[in-house]
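What follows is each chain in one-letter form.
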Amino acid sequence: MKLRHVSLAILAGVVPSVALAQPAPKAAPKAAPAPVVQAPINDELAAFDKDIDALFAAGGLTADQAASRAGAASPTVRRRAAEVEAAIASAESAELVQVPQVTAKLAATKLSSLPALNLGGFALTFPSHDYVATGTISVPLSDYLLKFPKLIDAAKLGTETARLSRRSSEITAGQDARLAYYELVRARLQVLVAQRSLAQVQATLGQVQALADNQRLSKADLMRVQSQEAQAEQVVDQLQNLADLREEQLRLLIGAGPEDKLALGEDVRPDITAAQAGTLDQMMGTAKEQRLEFKVLDKGIAAKEKQRASEKANELPRLSAFATGDYENPNPRVFPSEDKFKFTWAAGVQLTWALNDALVSRTTDRRLLAETDELRADRENLERGTRIEVLAAQQAVALAQHALKTTAKGLAAAQESYRVRRELLAAERATAVDLVDTETDLTRARIASLNARVDLRVAVAQLSHALGNDTK
């Protein structure tokens, strides 16, 4: 909401007479209301500063504190933390592929009865049961050289990517909370100015009403002041609703409960200076070096490349070593068959190649290549967006610094105009309408001056985030 389009009347003194108003010609003269001594302008300005001082409490919440609390309260950060745990589990699984494949089997089988076979005086019997205990170990020799190292590296890069992504989300959440804090400060300052303006209008309206009752002020002037009061009340309501909205946004971002008092602890009135950032190309170099978003994408691209390299091993023949031990009753390798447990073993190497694995590997490689190209495109978009973000933040800092100077001049001029108008009004050389306009200008100047100070802090925070200074 832009307050510059809302006209606020701030009538702060007693109007003893108005030059343009004339008493009724035939009515009996009425006693003029006793003049009320106006407070000096310096006292009024000091009272306004005192109201702002009360808005900022010692030990209250600052923008940096809000940013530090936002990470723990952000659902996005919690999601990234879960992704880190998933990536760690995936890395551990990748490490386990190096363990040789060991299998064991225990089986008991009941066989159908078969008649004994007579071989010329020698009877060959067939057992009606089979008990077996088998152990097998298989070692994929070629995978230890061609596949497993790259697969493990890809999993480790995935874990690093997840950790960087979590940290990046924490920084983003902190930045959102910092900006929300400054918007809350802005809203509460505007509420304070609007409430003070409304109080001044209401204090003056009684005096204007008395002048109108004595026919020393036109009804049109009285109605204008009444209209200004209604506008001031509406502005207070609107700004209070906005302040409540800003406060609720900040509460959600930092995880503050409804019972927590969000006292403001950072006075935005003191001057701050923005660090000299250099040329746009220099700032881009700093941003690409410091911002975690670039590191996340770089790690992701490297992980995809490792996955592609490990996947190519599936297109080649696989060399494996194996060993098997059997403890069976009866053992089929023992002749003649006996109803006893016998142990036998076998060991060897084998070279295998599966057409289906090779075909699937090629399609998987195409998918990984496409995903890598997606990440490269994302990085290019990030670089373009960061360049615009850095330039916009730098310009915002420059504009805010210039606005500080111009609004300071405007506020000084509005205060001086207000002082002179009050003196002219006391000397009956100005009207209530003149004072209404002057006080409205003073209110606008106050709001513009405070907004400029908030804008500078917001611009400095945005430039620091764009450069990645908040990653330190």
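Our structure is the block above this text.
Residues numbered from 1 in each chain as written. Predicted model: local features only at pLDDT ≥ 70, side-chain atom pairs only at ≥ 80, totals over all residues. Heavy atoms only, no water.

Undergrad: Please clarify how the overall build of the protein chain should be interpreted in this entry.
TA: The number of helices and strands found in the protein chain is ten helices and seven strands. Here the protein chain holds 472 residues, and the buried ones make up 39% of them. Long-range contacts, defined here as pairs at least 24 residues apart, represent 85% of the contacts in the protein chain between residues at least 6 apart. Here the protein chain has roughly 25,900 Å² of accessible surface; of this, 56% comes from carbon and sulfur atoms. (Helix = DSSP H or I, 4+ residues; strand = E, 2+ residues; numbered from the N terminus. Buried < 20%, exposed > 50% of the residue type's maximum accessible area, 1.4 Å probe, protein only. Contact = heavy atoms within 4.5 Å. Areas by Shrake-Rupley, 256 points an atom, 1.4 Å probe, with all protein chains shown as cover.)

Undergrad: Can you help me understand the sheet that holds strand β5 (residues 129–140) in this one?
TA: Each strand in a sheet pairs with another by means of backbone hydrogen bonds, the pair being arranged parallel or else antiparallel. Ordered by their spatial adjacency, four strands build an open sheet running β2-β5-β6-β7, and the pairing between neighbours is antiparallel. The open sheet is flanked by β2 (101–110) and β7 (342–352), the only strands paired with a single partner. When the angles between neighbouring strand axes are averaged without regard to direction, this sheet yields 15 degrees. With eleven bridges joining them, strand β6 (residues 318–329) and β7 adopt antiparallel strand pairing. Within β7, the position partnered with S320 by the bridge is Q350. (Pairing = 2+ DSSP bridges. Axes fitted to C-alpha atoms, helices over the stretch in contact; angles between N-to-C directions.)

Undergrad: I would appreciate a short explanation of helix α7 (residues 280–290) in the present structure.
TA: Taken as a whole, α7 has its buried residues at M283, M284, A287 and Q290. Seen end-on, α7 carries its buried residues on one side only, within an arc spanning 140 degrees. Summarising the geometry of α7, the exposed residues directed more than 90 degrees from the buried face are D281 and E289. (Arc of directions from axis to C-beta.)

Undergrad: Would you mind showing me how to read the nonpolar core here?
TA: The nonpolar side chains of soluble globular proteins are, as a tendency, buried together. In terms of nonpolar packing, the biggest core is built from 29 residues, with F56, Y181, V185, L189, L250 and I254 touching the most fellow members. Listing elements by their share of this core, those giving two or more residues are α1 (41–55), β1 (56–61), α2 (63–73), α5 (148–213), α6 (219–254) and α10 (432–467). With ten residues, the single largest contributor to this core is α5. Setting aside anything within four residues of it in sequence, one finds V185 in contact with F56, L264, V268 and V454. Counting residues in each nonpolar core, the second largest holds 13 residues, with A393, A400, L456 and L467 among its members. (Core = buried A, V, L, I, M, F, W, Y, C linked by side-chain atoms within 4.5 Å.)

Undergrad: How do you make sense of the packing of aromatic side chains when you look at a structure like this?
TA: Two measures describe an aromatic ring pair: the distance that separates the ring centres and the angle between the ring planes. By the definition in use, this model includes four aromatic pairs. Centroid distance Y131 to F341: 6.4 Å. Interplanar angle 40 degrees. Geometry classified as tilted. Taken as a pair, Y131 in strand β5 and F341 in the loop between β6 and β7 lie far apart in primary sequence, 210 residues in all. Its relative accessible area of 35% is what places Y131 among the partly exposed residues. F341 sits in the partly exposed class, given a relative accessible area of 40%. Ring geometry for Y181 and Y182: centres 5.8 Å apart, planes at 70 degrees, overall edge-to-face. Of the two residues, Y181 and Y182, neither departs from the other in class, the shared state being buried. Counting every residue linked through ring pairs, the aromatic cluster contains Y131, Y327 and F341. A cation over a ring is seen here: R446 above F48, with NZ or CZ 4.0 Å from the ring centre. (Phe/Tyr/Trp six-rings, centres within 6.5 Å; stacked < 30°, edge-to-face > 60°. Lys NZ or Arg CZ within 6 Å of the ring centre and 35° of its normal.)

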